[in-house]
Amino acid sequence: FPVIQVLGLVAFSVVWGLYMAFLASSGEVVARCLCPVTNETLSSSLVESVESNNDGICDDGCLTHKDLEYSRNTKYAGWYLLFTWFWTSQFIVAVGQLVVAL
């Protein structure tokens, strides 16, 4: 049982998970009003009135929710981190297979 391979994969997974958590939290919080009946998102002027009420309900009985919006560079960084996960994890597995084969 290749213990060093597993330890390397766990160590990489912890560091990678931290980077992904930081990247996922780097978005900008945007409040929106959503009407469940019509299934449409309302304009941001209604959201500003909701922020002053703090009750979570927009005009006309619609609900407010908050989303994270990411920039183009942040989205590319997410794809890059996904690629590094696949490449590095498979590299660690391949080195383990090579050591066992020898």
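Just so it is clear, the structure is predicted and the values come from calculations on it, not from any experiment.

Colleague: Residue-level account of helix α1 (residues 3-24), with values.
Modeller: Working note: α-helix, 3.6 residues per turn, so residues spaced by three or four point in the same direction. When the terminal C-alpha atoms of α1 are compared, their 31 Å separation across 22 residues agrees well with the 32 Å that a helix rising 1.5 Å per residue should span. Among all positions in α1, only Gln5, Trp16 and Leu23 are buried. Around the axis of α1, the buried residues are gathered within 20° of arc, so they sit on the same side. Summarising the geometry of α1, the exposed residues directed more than 90 degrees from the buried face are Leu7, Val14, Leu18 and Phe22. For α1, the secondary structure elements touched by its buried residues are α3 (72-101).

Colleague: So what's going on with the packing of aromatic side chains? Residues and values would help.
Modeller: Per the stated rule, a full pass over the model turns up three aromatic pairs. Plain terms: the ring middles of Trp16 and Trp85 are 5.2 Å apart, the flat faces sit at 40° to each other, and that makes the pair tilted. Remark: Trp85 occurs in helix α3 and Trp16 occurs in helix α1; sequence separation between them is 69 residues. On the basis of relative accessibility, which here comes to 19%, the residue Trp16 falls in the buried class. Trp85 sits in the partly exposed class, given a relative accessible area of 23%. Pairwise contacts between aromatic rings join Phe12, Trp16 and Trp85 into one cluster.

Colleague: Explain the packing of α1 against α3 to me, using residue names and the numbers behind them.
Modeller: With their axes 10 Å apart at the nearest point, α1 and α3 run at an angle of 175° to one another. Considering their axes alone, α1 and α3 lie roughly antiparallel with respect to each other. Here Gln5, Gly8, Leu9, Phe12, Ser13, Trp16, Tyr19, Met20 and Leu23 of α1 come into contact with α3, specifically with Thr74, Ala77, Gly78, Leu81, Leu82, Thr84, Trp85, Thr88, Ser89, Ile92, Val93 and Gly96. Of the residues contributing to the contact of α1 with α3, the split by class is twelve nonpolar, nine polar and no charged.

Colleague: Can you lay out the environment of Ile4 for me, pointing to particular residues and giving the numbers?
Modeller: Checked against the element boundaries, Ile4 lands in helix α1. C-alpha of Ile4 to C-alpha of Gly96: the two residues are 92 residues apart in sequence and 8.2 Å apart in space.

Colleague: Report on the side chain of Thr84, specifying residues and quantitative values.
Modeller: Looking at the element boundaries, Thr84 is found in helix α3. Residue class for Thr84 comes out buried when judged on its relative accessible area of 18%. A distance of 2.7 Å separates a polar atom in the side chain of Thr84 from the backbone oxygen of Leu81. Setting aside its immediate chain neighbours within four residues, Thr84 contacts Phe12, Trp16 and Ser89.

Each value, and the rule that gives it
Residues numbered from 1 in each chain as written. Predicted model: local features only at pLDDT ≥ 70, side-chain atom pairs only at ≥ 80, totals over all residues. Heavy atoms only, no water. Helix = DSSP H or I, 4+ residues; strand = E, 2+ residues; numbered from the N terminus. Expected span 1.5 Å × (residues − 1). Buried < 20%, exposed > 50% of the residue type's maximum accessible area, 1.4 Å probe, protein only. Arc of directions from axis to C-beta. Contact = heavy atoms within 4.5 Å. Phe/Tyr/Trp six-rings, centres within 6.5 Å; stacked < 30°, edge-to-face > 60°. Axes fitted to C-alpha atoms, helices over the stretch in contact; angles between N-to-C directions. Parallel < 35°, antiparallel > 145°, perpendicular 65-115°, else oblique. Nonpolar A, V, L, I, M, F, W, Y, C, P; charged D, E, K, R; others polar. Polar contact = N/O pair within 3.5 Å; in protein donor to acceptor, adjacent residues only side chain to side chain.

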